[in-house]
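As a plain string of letters, each chain reads:
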Amino acid sequence: MQVLAWHTQLDFPILAIMQLLPLAALLILRLAGNRAAALSALAITSVELLLAIYLYQQFNQDITAFQFGEHLNLFGPLDYHAAVDGVSVLFLLLTNFLVLIVALYGPIRGLKPQNKFQTTVLATQACLVAMFVTINLLWFVFISFIQLVLLGYLLWRWATSPNKDMAFTRYLQFMGSGLLLLILGTLLLGWQYAEAHNHVWSFDLVDLLGSPIQPIYQGWIFFMLFYGLAVRIPLFPFHGWLPSAAEHGTVAVAPILLLGLKTGIYGILRFVYPLLPEAVMEWQTFLLVLAVAGIFYAALLAMMQENLRRLLAYAVISHTGIVMIGLLSLHPLAFQGSTLLTINFGLAIAGLFFMTGLIFQHTGTTSLKQLGGLFDHMPVVAIAFLIAGLAIVGMPGTPGFDAAHLVMEGSIESFGTLVTIGAALGNVMAAGFLLWAFQRVFLSQPETTSLRIKTSATLSTEVLIAVVIIIALLGLGFYTEPWLELIDKSLEPLNNLYSTPTAHEYALP
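These numbers come from a predicted model, not from an experiment.

Thresholds, definitions, all that
Sequence order sets the numbering: in each chain, residues are counted from 1 along the sequence as written. In keeping with the model being predicted, local features are shown solely for residues with a pLDDT of at least 70 and side-chain atom pairs are shown and tallied solely at 80 or more, while totals for entire chains, interfaces and linings include all residues. Only hydrogens and water are removed before side-chain values are computed, so all heavy atoms of the structure are retained for them. Only DSSP runs of H or I reaching four residues or more are called helices, and only runs of E reaching two or more are called strands; each is numbered from the N terminus. A 1.4 Å probe rolled over the protein chains alone gives each residue an accessible area, and that area as a share of the maximum for its type sets the label: buried under 20%, exposed over 50%, partly exposed in between. Aromatic rings from Phe, Tyr and Trp, taking only the six-membered ring of Trp, are treated as a pair when their centres fall within 6.5 Å; an angle between ring planes under 30 degrees marks them as stacked, one over 60 as edge-to-face, and anything in between as tilted. Placement of a charge over a ring requires the Lys NZ or Arg CZ to be within 6 Å of the ring centre, with the centre-to-atom vector within 35 degrees of the ring normal. Put plainly, a pocket is an open set of points on a 1 Å grid over the protein atoms alone with protein on both sides within 12 Å along at least five of seven lines, a cavity is a set where a 1.4 Å probe fits but cannot get out, and a lining residue has an atom within 4 Å of a point. Grid points are joined across faces, edges and corners, and a volume is the space filled by probe spheres set on the points. Residues are sorted three ways: Asp, Glu, Lys and Arg are charged, Ala, Val, Leu, Ile, Met, Phe, Trp, Tyr, Cys and Pro are nonpolar, and all the rest, Gly among them, are polar.

Undergrad: I would appreciate a short explanation of unusual backbone geometry in the present structure.
TA: Apart from glycine, the bulk of residues carry a negative phi angle, and the bulk of peptide bonds sit in the trans form. Each neighbour pair has its own omega, and for I233 with P234 the value is -5 degrees, a cis peptide bond. For the peptide bond that leads from F236 to P237, omega is 5 degrees, which places it in the cis range. For P237, the position within the fold is in the loop between α9 (215-230) and α10 (241-248). In this model, F68 sits at a positive phi of 60 degrees, which is unusual for a non-glycine residue. One can find F68 in strand β1 (residues 67-72). On the accessibility criterion, F68 (1% relative accessible area) is buried. Notably, L330 is not glycine yet its phi reads approximately 55 degrees, a positive angle. With respect to the element layout, L330 can be found in the loop between α14 (308-328) and α15 (332-363). A relative accessible area of 15% means that L330 is categorised as buried.

Undergrad: How should I be thinking about the packing of aromatic side chains in this particular structure?
TA: Two numbers describe a pair of aromatic rings. These are the distance of the centres and the angle of the planes. For the structure on display, the rule yields 28 aromatic pairs. Aromatic pair F132 and Y266: ring centres 4.8 Å apart, planes at 90 degrees, arrangement edge-to-face. With F132 in helix α5 (residues 114-133) and Y266 in helix α12 (residues 263-275), the pair connects residues that are 134 residues apart, well separated along the chain. When its relative accessible area of 0% is taken as the criterion, F132 is described as buried. Among the residues examined, Y266 registers a relative accessible area of 1% and is labelled buried. Clustering of aromatic rings is evident, with ring pairs tying together F222, F223, F226, Y227, F238, W283 and F286. Seen from the ring of W156, K164 lies directly overhead, with NZ or CZ sitting 4.4 Å from the centre.

Undergrad: Looking at this model, I keep getting lost on the layout of surface pockets. Mind explaining?
TA: Take a probe with the size of a water molecule and roll it over the atoms, and the empty space left behind shows itself. The calculated volume of the largest pocket comes to roughly 410 Å³. Lining the largest pocket we find 20 residues, and of these Q19, Y80, A130, W139 and I143 sit closest to its centre. Counting residues per element, the ones that place at least two in the lining of the largest pocket are α1 (14-24), β2 (80-84), α5 and α6 (137-157). Partitioning the lining of the largest pocket into residue classes produces 17 nonpolar, 3 polar and no charged. Its volume calculated, the second largest pocket comes out at about 350 Å³. In terms of lining residues, the second largest pocket is bounded by 16 residues, among which L93, L94, F97, A472 and W483 are the most central. For the lining of the second largest pocket, the secondary-structure elements that each account for two or more residues are α3 (34-58), α4 (86-109), α15 and α19 (459-478). With 6 residues, α4 is the single largest residue contributor to the lining of the second largest pocket.

Spelled out as structure tokens, the structure:
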């Protein structure tokens with residue numbers, strides 16, 4: 001591989017290895033038995049997490065440019081170009097941590113055949129890693145297509161409801177529409193670049209940033225790219241696929257891989273905001289209205305749910321609005337807060353869905369009417385659920401506290417008190433319905449007397465997952481400073497771009 005060194009470069013192409021390692025294991029896992037597949041997947045995902053940690057340790061936090069650059073000439077606009085900044089490294093750490101827990105969770109839930117399940121998980125991991133390191137927008141979209149196919153298969157193949165076909169159809173409708181918008185926006189962006197460069201096409205972020213986009217095209221490209229990604233976030237009113245997918249699909253795995261990693265938010269930060277600053281500011285007010293409306297709409301619907309999985313889905317939709325308020329404020333503190341809040345939500349929502357999966361494993365239901373009194377039977381799971389819920393609402397000691405504070409501070413400087421109070425009230429509503437769900441599931445008695453709690457031979461592994469989630473949330477909450485320092489310099493070009501809005505100011509090597 002032809003490696004292009006930008007600022008910090010190792011002696012080996014670590015980004016290529018992180019993308020190819022899960023793919024290299026696919027054939028072995030596909031032919032392995034259930035136990036061997038589970039152990040092999042656990043080993044591969046552990047190595048991937050160690051590589052992400054090593055990448056973090058070698059990352060130079062004092063420069064703004066991309067690092068660990070790798071380049072391979074393929075075919076013009078399809079040239080391989082990968083690199084990372086602090087934001088990418090943070091998302092890679094979250095990605096590989098969650099996929100490791102998914103690999104550990106699969107055997108507990110008895111998701112058989114394990115070889116097919118683990119193969120799909122590792123293929124998804126390879127796609128996610130590639131999306132977080134690619135600098136080519138066309139590759140980002142192409143890999144998104146593969147990832148969405150894999151997640152759709154996970155959602156349908158290991159679903160727990162007879163209505164899985166309906167959920168899968170709704171998923172395909174929304175994701176297909178979003179992907180079509182992404183493709184059209186990407187091609188229009190490439191065509192606009194070709195018009196200014198003797199019909200030479202490029203989708204490389206470095207090239208695109210050096211070629212201002214004509215104002216007549218900015219609005220159209222922004223509409224297609226932003227809303228293509230908004231479906232994945234999901235941002236109100238493009239959220240219709242999530243409640244049915246969460247209720248009728250895989251209890252934990254597909255929702256975690258779809259939501260916990262927030263590839264939609266990452267795509268907006270990586271490509272949309274740097275390339276289309278004028279369009280971002282033009283659409284700012286309209287999108288702000290959608291974000292605020294989504295907070296209250298989803299929070300009210302969450303309070304009306306009788307299924308724990310649907311309640312958590314609406315919690316995601318509600319809190320996505322808070323992240324978007326931070327991004328739309330175009331304020332340096334809010335950029336930091338929104339990025340950290342995305343990581344917090346990814347980890348906390350994953351914790352909630354993992355615990356919901358363990359509850360389903362023991363009770364066979366996620367109906368709030370049938371659940372109750374589980375604290376005595378599953379105390380560690382209950383504590384992990386509570387801490388994850390408190391992290392969602394930004395309680396002190398969780399990563400959501402500092403992140404929400406930064407978002408609110410940026411919001412009040414950009415939008416004033418009204419919008420900020422609205423976001424804060426939405427957060428209070430979230431505290432209400434999440435604590436209400438905790439009380440119904442773990443403390444109160446079930447409304448029906450048919451609840452039967454199954455014993456499990458894998459209780460120690462369940463406790464391990466719950467404890468790891470607790471440690472991760474509290475550790476990230478009490479030590480947020482290293483993560484803020486990691487993304488500080490990487491967000492500096494974006495801060496400069498929107499403090500003096502011209503695309504040429506986005507710093508690149």
